[in-house]
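The primary structure of each chain is shown beneath.
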Amino acid sequence: MELSDSYLERYSRHILLHDVGVEGQEKLSAAKVLILGAGGLGAPVALYLAAAGVGTIGILDHDLVELSNLQRQVVHFTRDIGAPKVDSARQKMLAINPELIVKTYQDYLCAANIREVIDGYDFVVDGVDNFPTKFLINDACVMAGIPFSHGGILRFDGQTMTVVPGRSACYRCVFRTPPPSDAVPTCSQAGVLGAIAGMLGTIQATEVLKYITGVGDLLTDTLLSFNAKAMTFRRVAIKRQPACPVCGERPTITKLVDAEQSVCDLKR
Amino acid sequence: MNTLVVVDASRNLRGVSCPMNLVYTKVELSKLRSGQVLEVILDNGAPINNVPGSVLKEGHTIISQEQLADSAWTVMIRKK
């Protein structure tokens, strides 16, 4: 393919990188990445993937933009209040990079639809705000063999890990089941420092770009967490568990079901 | 000495400044197979001072570089 001068100039800072080059940029152009959640984490991921020229970006979120989102969900602007988050995010991604294909899904993620939604994507980014859906994303991605980046933030803390099904530990190898619903506060109850959404989301976006281009070592078999008050980062080595109920030797979870406290049930 | 080198591709980068001259050099190299030779014409000054070094860092070989009458340089690069 003959690359246009504007393509080469837009992506020149990638192409100049020895590890990325023209070939890496063409891989990004051909890639399909799905962002689950257009909130604090999904916002920076969407902006950086669009800027990086990931050719096809899917984004899922049921919600409308609210005033309280704007403190951290930097893809949404004041004028977007009341609009579907996926539409707001799509508009910004295309404003950065009009050549992209952006697919929007204004829906909740449920056992009934996740298989269909993730089908065909090369990589999935977990930017959802509740544990049952994080487990659902893990289970569906492991079953479909689609790599994904787990991410979560609360107050001043963030954690992330990258899962390559069949090759590295999955979320359930580390955390077997969702915590009891009354044990975990949400961002709306506990608060969250806005900028840590950017800290964690940009780590996730970096993992996407590394996976697609094949550059470097992924955050697999490793749980990275940080505390922004002390600004300390911790890497915990983790291993695939032969007894893992999803990716272990004798899986007991073989089909997708909604957890009791699923967002689908809570909000409908 | 240049006359003995078979050039597989050539790109005139006169008037193209840093870093786009390196971007175009990398694009041309990506089209070649290992061992093939690319000739690029680079302006005197920053381009000739920067591009060959970056090409070397990526593992390719600079076969020769010679200044032309208009002060630009012809640089022969063998792809790694």
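Residues numbered from 1 in each chain as written. Chains lettered and ligands numbered in written order. Predicted model: local features only at pLDDT ≥ 70, side-chain atom pairs only at ≥ 80, totals over all residues. Heavy atoms only, no water.

A. Seen up close, the confidence of the model for chain A. Counting all residues, the mean pLDDT for chain A is 94, and 96% of those residues have values of 70 or more. Confidence drops under pLDDT 50 across residues 262-268 of chain A; counting only partners more than four residues distant or on other chains, this segment forms 16 contacts. (pLDDT = per-residue confidence, 0-100. Contact = heavy atoms within 4.5 Å.)

B. Representation of unusual backbone geometry. Cis rather than trans, the peptide bond between Cys18(B) and Pro19(B) has omega equal to 0°. Within the secondary structure layout, Pro19(B) lies in the loop between strand 1 (9-12) and helix 1 (20-31). We note that Met231(A) has phi near 50°; this positive angle belongs to a residue other than glycine. Its place among the elements puts Met231(A) in the loop between strand 7 (222-227) and strand 8 (232-237). (Helix = DSSP H or I, 4+ residues; strand = E, 2+ residues; numbered from the N terminus.)

C. View of the sheet that holds strand 2 (residues 37-42) of chain B. All names here are of chain B. Ordered by their spatial adjacency, four strands build an open sheet running 1-2-4-3, and the pairing between neighbours is mixed. In the strand order of this sheet, the two ends are held by strand 1 and strand 3 (61-67), each with one partner. Direction aside, neighbouring strands of the sheet carry axes that sit 15° apart on average. Pairing of strand 3 with strand 4 (residues 73-78) involves six bridges; the strand directions are antiparallel. By the bridge assignment for strand 4, Glu66 is matched with Thr74. Sheet contacts for helix 1: strand 1, strand 2 and strand 4; angle to strand 2, the most-contacted strand, approximately 160°. Here helix 2 (residues 46-57) sits on the sheet in contact with strand 2, strand 3 and strand 4, set at roughly 165° to strand 3. (Pairing = 2+ DSSP bridges. Axes fitted to C-alpha atoms, helices over the stretch in contact; angles between N-to-C directions.)

D. The nonpolar core, seen in detail. Residues and elements named next belong to chain A. Counting residues in each nonpolar core, the largest one holds 31 residues, and the members touching the most others are Leu34, Leu36, Ile114, Ile118, Val124, Ile137 and Cys170. Within the residue set of this core, elements represented by two or more residues are strand 1 (32-36), helix 6 (114-118), helix 7 (131-144), strand 6 (157-163) and helix 8 (171-174). The greatest single-element share of this core, amounting to six residues, is contributed by helix 7. With sequence-adjacent residues up to four places away left out, Ile114 is seen in contact with Leu109, Leu136, Ile137, Ala140 and Leu256. (Core = buried A, V, L, I, M, F, W, Y, C linked by side-chain atoms within 4.5 Å. Buried < 20%, exposed > 50% of the residue type's maximum accessible area, 1.4 Å probe, protein only.)

E. Fine view of the sheet that holds strand 7 of chain A. Residue and element names in this part refer to chain A. A sheet is described by the order of its strands in space; here eight strands give the open sequence 3-2-1-4-5-6-7-8, paired in mixed fashion. In the strand order of this sheet, the two ends are held by strand 3 (101-105) and strand 8, each with one partner. On average, each strand axis in the sheet is inclined to that of its neighbour by 15°, with strand direction left out of account. Alignment of strand 5 (residues 148-154) against strand 6, held across seven bridges, turns out to be antiparallel. Bridging across to strand 6, Ile153 finds its partner in Gly158. Across the sheet, helix 5 (residues 85-96) lies against strand 2 (56-60) and strand 3, angled at about 175° from strand 3, the strand it touches most.

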